[in-house]
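Examining the three-dimensional arrangement
Residue strings, one per chain:
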Number of protein chains: 2
Amino acid sequence: MDERAALRQLAATLPHAGDDAAVVDGTAITTDMLHATTDFPAGTTRYTAGWRSVAASLSDLAAVGAQPTAAVAAYADTAFDADELADFVDGAQAVCEAVGAEYVGGDLDSHSEFTVATTAIGDAVEAVDRASATPGDRVVVTGAFGRSAAALRLFEREDFDRANDLFQFSPRIDAGRALADTATAMMDSSDGLARSLHQLAEASDCGFAIDREAVPVADALAAVADDADDRWEAAVHFGEDFELVATVPAARLDDVRAESPTPLTEIGRVVDAEEGITANGEPLADRGYTHG
Amino acid sequence: MDERAALRQLAATLPHAGDDAAVVDGTAITTDMLHATTDFPAGTTRYTAGWRSVAASLSDLAAVGAQPTAAVAAYADTAFDADELADFVDGAQAVCEAVGAEYVGGDLDSHSEFTVATTAIGDAVEAVDRASATPGDRVVVTGAFGRSAAALRLFEREDFDRANDLFQFSPRIDAGRALADTATAMMDSSDGLARSLHQLAEASDCGFAIDREAVPVADALAAVADDADDRWEAAVHFGEDFELVATVPAARLDDVRAESPTPLTEIGRVVDAEEGITANGEPLADRGYTHG
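Residues numbered from 1 in each chain as written. Chains lettered and ligands numbered in written order. Predicted model: local features only at pLDDT ≥ 70, side-chain atom pairs only at ≥ 80, totals over all residues. Heavy atoms only, no water.

**What to know about the pairing of strand β6 (residues 138-142) of chain A**
Residues and elements named next belong to chain A. Just so we agree on the cut-off: Summary of the burial criterion: residues with accessible area below 20% of their type's maximum are buried, those above 50% are exposed, and those between are partly exposed, where the area comes from a 1.4 Å probe applied to protein chains only. In this description a helix means any DSSP run of H or I spanning at least four residues, a strand means any run of E spanning at least two, and both kinds are numbered starting from the N terminus. We call two strands paired when DSSP finds no fewer than two bridges between them.
Within β6, four of the five residues are buried, which leaves it mostly tucked inside the rest of the structure. Note that β6 and strand β9 (residues 244-248) share four bridges and pair antiparallel. Counterpart to V141 in the pairing with β9 is V245. Inspection of the sheet shows β6 paired to strand β10 (residues 264-271) by five bridges, in the antiparallel sense. Across the sheet, the residue bridging to V140 is E266, located in β10.

This is the structure in structure tokens:
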């Protein structure tokens, strides 16, 4: 059974397992595990690892429109180095402070591989799910896609400073909160924009017509991509970008864009399920990065 | 740097890192990582792994007197088996239901080793810490010590049914809540009774005079131990038992024992720091199981 099949099985058993975060009595909670082989390329600093792993959970809270209050991490490694541990905590604290949450530590574990499991909690008044996108709604996204794809290429080239900077992304808490009242469906793009659209389409029983030219691509990716096809592929399929992808009724679009401190870019609209998921009229494949 | 030194470093940086759970705005949160090599002996069922790993986090909430509301787990393995995953979820759900919390799923990760990271949250009105034990207070514990030590011996003998039963412990939520108003210090005994007493003594700047005969020993341990010394060693130093260890003002002892649905056993009293930590007048070594 692969990871997607396992996730489908979980979703059938646990009512909240398909969403970015579960909401229990007004508190949103989400957990993520990352580890060296698949998530932290050689050259990733422990500050970046602390920032990024906690930010991944904070992004899940953003995706349900929650305000984070606290985060914890279980930190596992083959040995404990005082500087590495301090750097990890600094990174975790910095990203929590950036969104008004408190990093409160966690657990240590001796393990065969550097592994981090993070959990974030927050207040969710209007929890947004993925199930109510309606034909005619507009599709909006935060930020630009391809930051993490670009970072990986820079890690490969040993351009570690720029790669680490790109890996320290901003969880889109303020945009998530601005969208919480209005969005008919929302998630983060951690599996890639294409997979996110397919998941929203499945949950909402709809299709999407995306305007390829409207999809914002990170400058950092444009700088390292071979050509336009490479850039598009990395931007929409690679994933790991943690931007928000949301659908908004057309009549509310101007208001929500005015309310969101983080700019929202309109990239297309919701269509009937029979029309499928297309970019400039061409089918957009359900292909993404399967998280290790 | 070993795990204890790393934990001391964290405690110096993060104000909550030394306690069983952090409390932020009335919500208690705690996380734990367990993995096959050190925590799940051969023969441990996935049902037991789900129960036990979530229960470890619930026990941390009990130790601060909180009422659990929800738990999540990140489940990592070399491959995903549908039955194993379902059994894990069943065990996690069962222990959550037993304490009135909701198990809401979590994350999946492909990893080199079966690894579980659990987080539990709960409501903490009167969060108990470890710092106010006062000479004259009585020391009380829940349950009996040596269940997990006995379970490990049974796993070694391939008596898997009994070993799995012993591994599915009850988090002491009701006792923790009964003690929340009254206890001057409290923690769980996951590192062993001896280490727990040393940690409470360090936090409260006190000593302990323990009555060796009063320490409750699990029947299962008595049945597999070689002799009285082996039994004592396994009961007080092995750890992994997740009982509560608390100090209570002598005048409040009868009331709190009457309030706690789980029986509380008095095992000794708080003394001045200069008197050290003794059992029947003999020093009780700061020796325990260092969690992997």
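**Description of the interface of chain A and chain B**
You'll often see interface size given as the accessible area lost when the parts meet. Filter applied, for reference: Note on definitions: a residue-residue contact is assigned when non-hydrogen atoms from the two residues lie within 4.5 Å. Summed over both partners, the accessible area lost on bringing two parts together, with a 1.4 Å probe, is the buried area. In the sections that follow, a salt bridge refers to a side-chain nitrogen of Lys or Arg positioned within 4 Å of a carboxyl oxygen of Asp or Glu. Polar contact is the term for a pair of N or O atoms within 3.5 Å; when the atoms are in protein, one must be able to donate a hydrogen and the other to accept it, and sequence-neighboring residues count only if both atoms are side-chain atoms.
Each side of the interface is counted separately: chain A has 50 residues, and chain B has 50 residues. Summed over both sides, the interface of chain A with chain B buries roughly 4300 Å², with 67% coming from carbon and sulfur. Inspection of the chain A/chain B interface yields zero salt bridges. Connecting chain A to chain B are 12 residue pairs in polar contact (both at pLDDT 80 or more). Within the residue set of the side of chain A that touches chain B, elements represented by two or more residues are α1 (3-13), β1 (22-24), β2 (27-35), β3 (67-77), α4 (82-98), β4 (102-110) and β5 (115-123) of chain A. Broken down by element, the side of chain A that touches chain B gets its largest block of residues, nine residues, from β4(A).

**Some details on the domain arrangement of chain A**
Residues and elements named next belong to chain A. Quick reminder of the rule: What fixes the domain bounds is an automatic or database domain assignment. Gly falls in the polar group here, along with every residue not listed as nonpolar (Ala, Val, Leu, Ile, Met, Phe, Trp, Tyr, Cys, Pro) or charged (Asp, Glu, Lys, Arg).
Domain boundaries in chain A define domain 1 (3-123) and domain 2 (138-283). Here the C-alpha centroids of domain 1 and domain 2 sit 21 Å apart. With both chains or domains summed, domain 1 and domain 2 bury close to 2000 Å², and 58% of this area falls on carbon and sulfur atoms. E240 is the partner of R52 in a salt bridge, and the nearest nitrogen-oxygen pair spans 3.7 Å. For the pair domain 1 and domain 2, the interface holds 10 residue pairs in polar contact (both at pLDDT 80 or more). Among the secondary structure elements, those contributing two or more residues to the side of domain 1 that touches domain 2 are α3 (46-63) and β3. No other element matches the 11 residues that α3 contributes to the side of domain 1 that touches domain 2. Residue composition of the side of domain 1 that touches domain 2, by class: 14 nonpolar, seven polar and five charged.

**Details of the UniProt feature "binding site: Mg(2+) 1" (unreviewed entry) in chain A**
Which entries qualify depends on this criterion: UniProt positions are given in the numbering used here, feature names are shortened, and annotations may be inferred rather than shown by experiment.
In the numbering used here, UniProt assigns the "binding site: Mg(2+) 1" (unreviewed entry) feature to T31(A), D32(A) and D107(A). These residues run over 77 residues, yet every pair of their C-alpha atoms falls within 14.4 Å of each other. Looking at D32(A), the relative accessible area reads 13%, which means it is buried. Among residues more than four places away in sequence, those in contact with D32(A) are A56(A), S57(A), D60(A), V116(A), A117(A), T118(A) and D107(B). Within the local environment of D32(A), its side chain forms a polar contact with the side chain of S57(A), the two groups lying 2.7 Å apart. In this fold, D107(A) is placed in strand β4.

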